[in-house]
Each structure stands twice: as structure tokens, then as C-alpha cells.
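Inside the fold
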Amino acid sequence: MITETATKETTSITDFVKAFTEAMTHEGIESMMKLWTADGVWEIMATGEKFSGLDKIRQLAERSVAARNHKSGEGLLPFNVFTNEEGTKLIWEYIHKGEVTDNWPASTNKPAVGTKFELPIILMCEMSGGKFTKIREYFDLLTLTEAGTPHHLYS
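About the thresholds
Residues numbered from 1 in each chain as written. Predicted model: local features only at pLDDT ≥ 70, side-chain atom pairs only at ≥ 80, totals over all residues. Heavy atoms only, no water. Helix = DSSP H or I, 4+ residues; strand = E, 2+ residues; numbered from the N terminus. Buried < 20%, exposed > 50% of the residue type's maximum accessible area, 1.4 Å probe, protein only. Areas by Shrake-Rupley, 256 points an atom, 1.4 Å probe, with all protein chains shown as cover. Pairing = 2+ DSSP bridges. Core = buried A, V, L, I, M, F, W, Y, C linked by side-chain atoms within 4.5 Å. Contact = heavy atoms within 4.5 Å. Patch = residues over 30% accessible without salt bridge, like charges linked within 9 Å, V, L, I, M, F, W, Y side chains within 5 Å. Salt bridge = Lys/Arg side-chain N within 4 Å of Asp/Glu carboxyl O.

A few points about the overall build of the protein
Of regular secondary structure, the protein possesses 4 helices and 7 strands. Listing every helix and strand of the protein by position from the N terminus yields α-α-β-β-α-β-β-β-β-β-α. Of all 155 residues assigned to the protein, the portion counted as buried reaches 34%. Counting only carbon and sulfur atoms, one obtains 53% of the accessible surface of the protein, whose full area is about 9,500 Å².

Structure follows, in C-alpha cells:
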């Protein structure tokens, strides 16, 4: 039997995931910022960069949006989204398709402006009180810095 509390929590996490997906797929920086605790941390695992607090997370989001263009059928395309029953964990797996702009934020190994990319990304998210406390972002950096160059580890 589902209790009223369990139904409310399920609706709450479902609404949270919908709000996050809407913000991420429509470049809704303001909407995304409302989903964070004040002391949240977004960590880019491929580079070791950490963005701590709302100001730094906003800076990351603004730089990310400025760094690429999306054409029809491109953008952030989620295909695997999972949460735990408690609503404290979210896995958001997506393909990011786009084209590099001259606002690419990297200081070295910049892809050429106009380079098209298709980057698989996984966000491992932790939540508390209905807000993000931490996101760890995983992707293959060589997919961006050496777009179109195949890399093999086992063959």
C-alpha cells in the first residue's frame, strides 16, 4: 500500500527531475540555480575543477552555454534518468551535441571554432531537502579536445 507521504515524495522527486531536465535542455540557468543549496558543489571529474557555491555554479553554467551552439536536433539529449526511492540520488545520462563557439572556456587544447561534437556525459547528483548538494560530471575530455580522432585502450 502506498502511503500519502510516499506519494508526495515520489511526486516531489518526479517534479524535481522534470524541472532539472527542463532547465538543462532549454539552457534555463535561472531555473537550474533554484534547484541548488547555497553551498552546493559541481565537480568536473575529467579536469578536477570544482565550482563551489551558487556564484561559481552560475559561472560554470554561463560559460557552458556561451561555449557552444545547438542546431535543431542538437543540445542536451537525456536518455537514462534514474533516482533512488529516498530522492537523494539522481543519475542523468545524456548526449551533448553541439558546435564550438569562440567563447569556449578552456585555456589550452581548445577545439577549433565550428568543431561539431557529440559528447556522452553522466551527471551523478546528490540531493538533500529537495535541492542539489553535489553534482559530479563525467565525460571523456579527449572527445572534445581531439574531436573526430579515435582513441583505443583495449584494441
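Next comes the rest of the write-up.
Focus on the pairing of strand β4 (residues 75–83)
Looking at chain direction, β4 and strand β5 (residues 89–100) are connected through 8 bridges and run antiparallel. The residue bridging Gly75 from the neighbouring strand is Lys97, located in β5. Here β4 folds back onto β5, and the loop between the two strands holds 5 residues, one of which, Gly87, carries a positive phi near 75 degrees.

Remarks on the pairing of strand β2 (residues 49–52)
Where strand β1 (residues 36–44) meets β2, 4 bridges bridge the pair, whose relative direction is antiparallel. Looking at β2, one finds that Val41 is bridged to Ser52. The antiparallel hairpin formed by β1 and β2 contains 4 residues in its connecting segment, where Gly48 sits at a positive phi of about 80 degrees.

With respect to the environment of Thr108
Tracing the backbone shows Thr108 in the loop between β5 and β6 (116–128). Counting along the chain gives 37 residues from Thr108 to Thr145, while the straight-line C-alpha distance between them is 9.1 Å.

Notes on the nonpolar core
Residues Phe20, Met24, Met32, Trp42, Leu123, Phe132 and Ile135 are the most contacted members of the largest nonpolar core, which totals 34 residues. Secondary structure elements with two or more residues in this core: α1 (4–25), α2 (29–33), β1, α3 (54–66), β5, β6 and β7 (131–138). Trp42 has contacts with Met24, Met32, Trp36, Glu49, Lys50, Phe51, Ile57, Leu60, Leu123, Ile135 and Glu137, leaving out every residue within four places of it along the chain.

Looking at unusual backbone geometry
Even without glycine at this site, Glu27 takes up a positive phi of about 50 degrees. Along the polypeptide, Glu27 turns up in the loop between α1 and α2. The partly exposed category is assigned to Glu27, whose relative accessible area is 34%.

Some remarks on the environment of Tyr94
Counting through the fold element by element, Tyr94 comes out in strand β5. By relative accessible area, Tyr94 is classed as buried at 3%. Spatially, the C-alpha atom of Tyr94 lies 5.5 Å from that of Ile121, the residues being 27 residues apart in sequence. For Tyr94, the residues in contact, after removing those within four places along its chain, are Met24, Leu76, Leu77, Pro78, Phe79, Leu119, Pro120, Ile121, Leu123 and Glu137.

Observations regarding a nonpolar patch on the surface
A contiguous nonpolar surface patch, about 280 Å² in accessible area, is contributed by Met45, Ile122, Met124 and Tyr138. Along the chain, Tyr138 falls in strand β7.

Notes on the pattern of salt bridges
Going through the model one piece at a time under the given rule, you end up with 5 salt bridges. Among the ionic pairs, Glu30 bridges to Arg58, the shortest N-O distance being 2.6 Å. Here Glu30 is found in helix α2, whereas its partner Arg58 is found in helix α3, with 28 residues between them in sequence. Taking the shortest distance from any N to any O, the salt bridge between Glu126 and Arg136 comes out at 2.7 Å. Taken together, the residues span a long stretch of sequence, with Glu126 in strand β6 and Arg136 in strand β7 at a distance of 10 residues.

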